[in-house]
Amino acid sequence: MISVAIEKKLKVYKGQHVLKIADGFDTGSITKIHGPSGAGKTTFLKIIAGLITPEQGKITVDGLVWLDTSAEINLTPQKRMPGFVFQDYALFPNMTVAEHLAYATKDRAWINRLLKLGKLDTLTDHKPIHLSGGQQQRLAILRALAIKPKLILMDEPFSALDLHMKTELIGQLKPLFKELGATVLIVSHNPQELDGLTDGELYIE
Ligand SMILES: Nc1ncnc2c1ncn2[C@@H]1O[C@H](COP(=O)(O)OP(=O)(O)OP(=O)(O)O)[C@@H](O)[C@H]1O
């Protein structure tokens, strides 16, 4: 169970908006996060990952306190270690597909399975510049899964995929998330695309 109660002042055009969220996510659940542009969806994922610190708040994961501003507890992103799929992929320009995954895990069998899942098994020696947008996005997803994370945070992870690829990948990810026992939060501008994958939702205004 992940419980989150946070408040973060967002710097928005002409003034301030307070991102205020109090919610809980069951272990193993898959939640879609949606809401208008600029509402703070990306910021919320980064707060959970420890990449942004809110002014006030508490985050506990399976009873372990990750953040408690009143007690000055704030675990580093390295200690929290979620799988994170960034909206802009954040790939390493100088690393090949294979190197991205080898950097994350030494488990060859798992790497091979992920490469097949993301249909990148024939492109292992390609650097990001020689991949299409959809291939880059799939690599970002595979890299996040490589560490077998218990928490997976995905920011618009399917935005560059065509409908066929998206449907196929989503169909394969669902059992994989279950196998990992992962709790998953997915930000989407198009929440209908996640119907059938998610079992809960959070709307951020
Ligand atoms: N570290 C930060 N501190 C304060 N404000 C921030 C910080 N990072 C981003 N913001 C502001 O918070 C607002 C929300 O940004 P965010 O990217 O979280 O929105 P979003 O809901 O993901 O939007 P979109 O759907 O367009 O991707 C923006 O106005 C942004 O300028």
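Just so you know, these numbers come straight off a predicted model, no measurement behind them.

**Structural notes on the side chain of Thr60**
Here's step 1: Tracing the backbone through its elements, the reader meets Thr60 in strand S4 (residues 56-61).
Here's step 2: By relative accessible area, Thr60 is classed as buried at 15%.
Here's step 3: At 2.8 Å, the side chain of Thr60 and the side chain of Ser3 are in polar contact.
Here's step 4: Contacts of Thr60, omitting those with residues within four sequence positions, involve Met1, Ile2, Ser3, Val65 and Trp66.

**Let's talk about the pairing of strand S2 (residues 15-25)**
Here's step 1: Pairing of strand S1 (residues 2-12) with S2, which is carried by eleven bridges, proceeds in the antiparallel orientation. Each residue of the ladder has a partner; that of Glu7, found in S2, is Lys20.
Here's step 2: Following S1, the chain reverses through two residues before pairing antiparallel with S2; Lys14 in that reversal takes a positive phi of roughly 55°.

**Thoughts on empty space enclosed by the protein**
The method is simple in principle: a probe with the dimensions of a water molecule rolls over the atoms, and the space it marks as empty is what remains.
Here's step 1: Counting across every chain of the model gives one cavity of 30 Å³ or more.
Here's step 2: Counted as a void, the largest cavity has a volume near 30 Å³.
Here's step 3: Taken together, Leu117, Lys119, Met165, Glu168, Leu169 and Gln172 form the lining of the largest cavity.
Here's step 4: For the lining of the largest cavity, the class distribution of residues is three nonpolar, one polar and two charged.

Criteria and thresholds
Residues numbered from 1 in each chain as written. Predicted model: local features only at pLDDT ≥ 70, side-chain atom pairs only at ≥ 80, totals over all residues. Heavy atoms only, no water. Helix = DSSP H or I, 4+ residues; strand = E, 2+ residues; numbered from the N terminus. Buried < 20%, exposed > 50% of the residue type's maximum accessible area, 1.4 Å probe, protein only. Polar contact = N/O pair within 3.5 Å; in protein donor to acceptor, adjacent residues only side chain to side chain. Contact = heavy atoms within 4.5 Å. Pairing = 2+ DSSP bridges. 1 Å grid on protein atoms, 1.4 Å probe; cavity = no way out; pocket = protein on both sides within 12 Å on 5 of 7 lines; lining within 4 Å. Points joined across faces, edges and corners; volume = space filled by probe spheres on them. Nonpolar A, V, L, I, M, F, W, Y, C, P; charged D, E, K, R; others polar.

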